[in-house]
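Read off the chains here:
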Amino acid sequence: MSVLGDITPTPPSGISEGGESAARARKSPNAFRTISEVAEDLHIPQHVLRFWETKFPQLKPLKRGGGRRYYRPEDINLLRRIGDLLYTQGYTIKGVQRLLREGGLEAVEAAGESGEAALADSPEVAEGMELRACLDELEAIAGALRALTAR
């Protein structure tokens with residue numbers, strides 16, 4: 001029994017229960033994804049994804065009418081690696097930018113693999129990198145707020 005008792009919500013007509021996630025599950029692995037789908041899958045807020053587009057020129061989602069973004073599978077893989085480097089490995093945005101500029105996606109993937117091995121050995125380093133990732137996210141939010149107030 002749920003908190004609401006025996007009341008069970010009924011989806012609007014034309015939408016099956018679990019409609020959006022069921023539709024997403026039917027998408028091909030090569031299908032383009034919206035920013036909301038990518039944000040939900042990667043557990044990264046949409047505003048952070050938009051901010052990363054300004055910081056990483058390699059991220060170029062397809063934009064359609066009204067500025068809607070559609071991410072290709074390659075974009076999603078790059079976002080996943082950037083998120084891992086920033087939030088798990090402890091890189092700064094400038095550090096990831098340098099990796100991409102100097103070695104491309106291969107360098108980013110290699111840095112992720114070597115960093116994962118190093119993290120397994122040191123919980124103190126992992127905690128410091130986690131704090132660094134939080135600081136980077138706060139800086140991204142502050143930049144987005146500055147951009148909004150400048151309008």
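From a predicted model like this one, the values you see are computed outputs, not experimental measurements. (Residues numbered from 1 in each chain as written. Predicted model: local features only at pLDDT ≥ 70, side-chain atom pairs only at ≥ 80, totals over all residues. Heavy atoms only, no water.)

As for the sheet that holds strand β1 (residues 33-34)
Taken in spatial order, the 3 strands make up an open sheet running β1-β3-β2, and their pairing is antiparallel. At either margin of the open sheet sits one strand with a lone partner, and together these are β1 and β2 (62-63). As defined by bridge partners, β1 adjoins strand β3 (residues 69-71) across 2 bridges and the pair is classed as antiparallel. Paired with T34 across the strands is Y70, a residue of β3. (Pairing = 2+ DSSP bridges. Helix = DSSP H or I, 4+ residues; strand = E, 2+ residues; numbered from the N terminus.)

A closer look at the environment of L78
As for its placement among the helices and strands, L78 is situated in helix α4 (residues 73-88). Through-space distance from the C-alpha of L78 to that of L59 is 7.5 Å; in sequence the pair is 19 residues apart.

So, the packing of aromatic side chains
Overall, the coordinates contain 1 aromatic pair when judged by the stated rule. Arranged with centres 5.9 Å apart and planes meeting at 35°, the rings of W52 and Y87 form a pair that is tilted. Here the residue W52 occupies a position in helix α3 (residues 46-55), and Y87 occupies one in helix α4, the gap between them amounting to 35 residues. (Phe/Tyr/Trp six-rings, centres within 6.5 Å; stacked < 30°, edge-to-face > 60°.)

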